[in-house]
There are 2 protein chains.
Amino acid sequence: MKENSVGLVTPKICHVDTPLHTVSGGVIPQYDLVYETYGQLNAAGTNAILICHALSGNHHVAGYYAGDEKPGWWEAYVGPGKPIDTNRFFVVGVNNLGGCHGSTGPTSINPATNKPWGPDFPIMTVKDWVVSQDKLRQHLGIAQWAAVIGGSLGGMQALQWAIDLPDRLRHAVVIAAAPKLSAQNIAFNEVARQAIMSDPDFHNGRYLEHGVTPKRGLALARMLGHLTYLSDDLMGKKFGRELRDKLKYSFDVEFQVESYLRYQGEKFATKQKFDANTYLLMTKALDYFDPAADYDHDLSRAMAHVQAKFMVISFTSDWRFSPERSEEIVRALLDNDKDVSYAEIESQHGHDAFLLPNPFYEGVFNAYLQRIWQEVTADA
Amino acid sequence: MKENSVGLVTPKICHVDTPLHTVSGGVIPQYDLVYETYGQLNAAGTNAILICHALSGNHHVAGYYAGDEKPGWWEAYVGPGKPIDTNRFFVVGVNNLGGCHGSTGPTSINPATNKPWGPDFPIMTVKDWVVSQDKLRQHLGIAQWAAVIGGSLGGMQALQWAIDLPDRLRHAVVIAAAPKLSAQNIAFNEVARQAIMSDPDFHNGRYLEHGVTPKRGLALARMLGHLTYLSDDLMGKKFGRELRDKLKYSFDVEFQVESYLRYQGEKFATKQKFDANTYLLMTKALDYFDPAADYDHDLSRAMAHVQAKFMVISFTSDWRFSPERSEEIVRALLDNDKDVSYAEIESQHGHDAFLLPNPFYEGVFNAYLQRIWQEVTADA
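None of the values given here were measured: they were computed from a predicted structure. (Residues numbered from 1 in each chain as written. Chains lettered and ligands numbered in written order. Predicted model: local features only at pLDDT ≥ 70, side-chain atom pairs only at ≥ 80, totals over all residues. Heavy atoms only, no water.)

**Q** What is the right way to read the nonpolar core from this model?
**A** For soluble globular proteins, the rule of thumb is that nonpolar side chains tend to be buried together. Membership of the largest hydrophobic core comes to 250 residues, with the highest contact counts inside it found for A:Trp74, A:Ile175, A:Phe310, B:Trp74, B:Ile175 and B:Phe310. Other than its neighbours up to four places away in sequence, B:Trp74 contacts B:Ile51, B:Val61, B:Ile84, B:Ile149, B:Ile175, B:Phe354, B:Leu355, B:Tyr361 and B:Phe365. (Core = buried A, V, L, I, M, F, W, Y, C linked by side-chain atoms within 4.5 Å. Buried < 20%, exposed > 50% of the residue type's maximum accessible area, 1.4 Å probe, protein only. Contact = heavy atoms within 4.5 Å.)

**Q** Even after reading the chapter, I still don't get helix α6 (residues 256-271) of chain B, so can you show me in this structure?
**A** Note that an α-helix has 3.6 residues per turn; residues three or four places apart therefore point the same way. Taking 1.5 Å per residue as the helical rise, α6(B) with its 16 residues ought to reach 22 Å, and the 21 Å between its terminal C-alpha atoms agrees with that figure. The complete set of buried residues in α6(B) reads B:Val257, B:Glu258, B:Ser259, B:Tyr260, B:Leu261, B:Gln264, B:Gly265, B:Lys267, B:Phe268 and B:Ala269. Buried residues along α6(B) sit in contact with α3 (183-197) and α7 (276-288) of chain A together with α4 (215-229), α5 (232-238) and α7 (276-288) of chain B. Phi turns positive, to about 45°, at B:Lys273, one or two residues after α6(B). (Helix = DSSP H or I, 4+ residues; strand = E, 2+ residues; numbered from the N terminus. Expected span 1.5 Å × (residues − 1).)

**Q** Hey, could you run me through the relation of the copies chain B and chain A in this one?
**A** Taken together, a rotation about one axis and a shift along it account for how the two chain copies relate. Each copy superposes on the other: chain B lies on chain A with an RMSD of 0.0 Å after a rotation of 180° and an axial shift of 0.0 Å. Such a combination of rotation and displacement between the chain copies is what one expects of a two-fold axis. Of all interface residues in chain B, 100% are interface residues in chain A too; the two copies therefore contact each other through one and the same surface. (Least-squares fit on C-alpha atoms with pLDDT ≥ 70 in both.)

**Q** So what exactly am I meant to see when it comes to the sheet that holds strand β14 (residues 340-345) of chain B here?
**A** Strand pairing in a sheet relies on backbone hydrogen bonds, with the paired strands running either antiparallel or parallel. All names here are of chain B. Taken together, the eight strands give an open sheet; going across it, the order is β1-β4-β8-β5-β11-β12-β13-β14, and neighbouring strands pair in mixed fashion. In this open sheet, the two strands that pair with only one neighbour each are β1 (12-16) and β14. The mean angle between the axes of side-by-side strands here comes to 20°, regardless of whether they run parallel or antiparallel. Alignment of strand β5 (residues 48-52) against strand β11 (residues 147-151), held across four bridges, turns out to be parallel. Of the residues in β11, the one forming a bridge with Ile 51 is Ile 149. Seen against the sheet, helix α2 (residues 153-164) touches β5, β11, β12 (171-175) and β13 (309-315) and runs at an angle of roughly 150° to β11. Sheet strands in contact with helix α9 (residues 323-335) are β12, β13 and β14, and its direction is about 165° off that of β14. (Pairing = 2+ DSSP bridges. Axes fitted to C-alpha atoms, helices over the stretch in contact; angles between N-to-C directions.)

**Q** Quick question: what am I supposed to make of the pattern of salt bridges here?
**A** When charged atoms on two side chains of opposite charge get close, those side chains can pair. A full pass over the atoms with the stated rule returns 38 salt bridges over all chains. Here B:Glu209 makes a salt bridge to B:Lys115, at a shortest N to O gap of 3.9 Å. Here B:Glu209, found in the loop between α3 (183-197) and α4, pairs with B:Lys115, found in strand β10 (residues 115-116); they are 94 residues apart in sequence, far enough to count as distant. Taking relative accessible area as the criterion, B:Glu209 reaches 39% and is therefore assigned partly exposed. For B:Asp294, the salt bridge identified is with B:Lys127, shortest N-O distance 2.8 Å. On the criterion of sequence distance, the pair formed by B:Asp294 in the loop between α7 and α8 (299-303) and B:Lys127 in helix α1 (residues 126-139) is long-range, its members being 167 residues apart. Overall, the relative accessible area of 46% leaves B:Asp294 in the partly exposed class. Residue class for B:Lys127 comes out partly exposed when judged on its relative accessible area of 27%. Via salt bridges that share partners, A:Arg170, A:Lys309, A:Asp339, A:Arg371 and A:Glu375 belong to a single interconnected network. (Salt bridge = Lys/Arg side-chain N within 4 Å of Asp/Glu carboxyl O.)

**Q** Even after reading the chapter, I still don't get the pairing of strand β14 (residues 340-345) of chain A, so can you show me in this structure?
**A** Looking along a regular strand, one sees side chains alternate from face to face of the sheet. Residue and element names in this part refer to chain A. Two elements, strand β13 (residues 309-315) and β14, share six bridges in a ladder whose sense is parallel. Bridge pairing in β14 places Ser 314 opposite Glu 344. Handedness of the crossover joining β13 and β14 through helix α9 (residues 323-335) is recorded here as right-handed. (Right-handed = clockwise from strand over helix to strand, strands pointing away.)

**Q** Can you walk me through the sheet that holds strand β5 (residues 48-52) of chain A in this structure?
**A** Residue and element names in this part refer to chain A. Pairing is mixed in the open sheet, where eight strands are placed in the order β1-β4-β8-β5-β11-β12-β13-β14. Of all the strands in the sheet, the pair left with one neighbour each is β1 (12-16) and β14. Across the sheet, the mean angle separating the axes of adjacent strands is 20° when strand polarity is ignored. Relative to strand β8 (residues 90-94), β5 is paired through four bridges, and the arrangement is parallel. The residue bridging Ile 51 from the neighbouring strand is Gly 93, located in β8. Each of β1, β4 (31-38), β5 and β8 is contacted by helix α1 (residues 126-139), which is oriented at about 60° to β4, the strand it contacts most. Across the sheet, helix α10 (residues 359-379) is in contact with β5, β11 (147-151), β12 (171-175), β13 and β14; its angle to β13 comes to roughly 175°.

Quick look at the structure:
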């Protein structure tokens, strides 16, 4: 375990008794949200930061579980002395509704049937997540987040927070995101979904009742995901056309990149046992994300009543959500003379860059969090 | 049927009795090549053009089969008065070995077992195709092609012809190709292969013996292919985030782009009944294509003994084989002071552009074929 880690952590449960009526027209009568916290909430309750996760992420943002060798998914940026400094901030990670890591989701028991929700779990949208995350805010006794922060789908949640609950956050940090998906983004999601749904072990989403999981489809979806997270350049540098062995001329693994993708797919479906219905829900939440739609499809109008200050970060080689997509967010904020900082970070790591160490990213991130900290201390 | 079409056409068969020893170490004892010809071979045999096909293409390049509404795949560019003018040239289209449209391939009977070759069909490389296509050249009594022309995987064959049989062609027209695949290119192929091979109906490639075909996997592979053939911009323009219907919040088709991809996948696997083993072989031929490998991985050295004059064409929005990849070919030719023309064509159609009408592309293509025609007539 590293020195500058929050160390051993334990998840907690927030039970919510009030039903959630989803945008999709579903009802979740009551639900659990599993979450983790690092650092101490100050007396005034002004130093709380919510971290929202991306497609396959969860509440385990930093630190270690007993016996685990691998830390949480954002260990590089969350911990004592790190950009999101747990010596200063009270940091909250939460698993989204519909997830498969402890929060109520498709693998939970549907009280109406006493069987797993499976495909009957309501389609989730980013707006629904904001509503449910706001219940956690109340549960924790926090009047206003110092910041809501996230990358990719997590960044979309930060943006939606600022639009839907403008007085509940002082800052939104939106990293490697977009104000809505492009047709190509949706197309990639659709191929991934079809891979899962056409797996004979999918059983229309009721695979748990059949004692199986659509591993093949899920592995394919994950392989495709990884393909889009890495840049062409980085793949070239990382793998080139390097052979695993000498040329065999067979359908076995021939090139290193094949080995990497097969391993990633296999690990996700078999070792990490990610739930296929959750994967489907997460891709749908991405597809449906479109905060401007509530404002005549005018993103500038959607931003008009935003109160949070914004930090928007993009990465040069990210072709999933390119810098141009982040700049749409920046422009809409500027149209309203909102307080926005923007950094396009040089990186060869593609979309994955938001998770990885990078001195420029770290510098920018750190500087912005210093600013938030100054506001917190000025208030005290 | 359009006026400037070659009209009704009928495929022919060229039977080759000499065994093909493939680069992969396999042997095809004898084989058929199905081909079509348009126009007339002149007395001197100097006006013949070979058209090589891409991943899912075949010998049916232009014209119509009786009863068919759709013409061959390159009707836009092959016919009377078109860039590849059948009033001038004797044009030959051939289905590659390993294909599924009449040439010997995985669905053919393996004489050793009296069952379909299936997965036992040798892995094919572009070099093997050049060897087999050269048998067709001999069969047709052509001493030297006026040109070998192809797009994508077809362009790679034109390039390999120029390297392997330098005195058998006067021109090579290499369109939307690359001198070898990048790691990302290979990765896309690998995901497509895994989709097919993990389909339970694949039966290790012996699906025909089981009376089934891996339709789901093949449809997924095709969906993924289409995703990479279109540019992000064009997808945006063509589909945007347009809904098929009003928002349903379900896993049914929601956005137009989903409908398009599902249709393409379904059509390929079910209506066109493309053979899955052929699809696998074609992607492998792409992966293994690397003519520089025989020359210490130095593409310039590979080009040193080339005699053909080259026309290289790329398209601005092609992210599968970007202009930079074509320029690698151009540079290697220039390193050897070879005769090369190069055009980067403005197009929003991505990789698909090589198949589609486009006045700039047409102009460049036409001008180069005029030049070839002048050489043919100067000889006469």
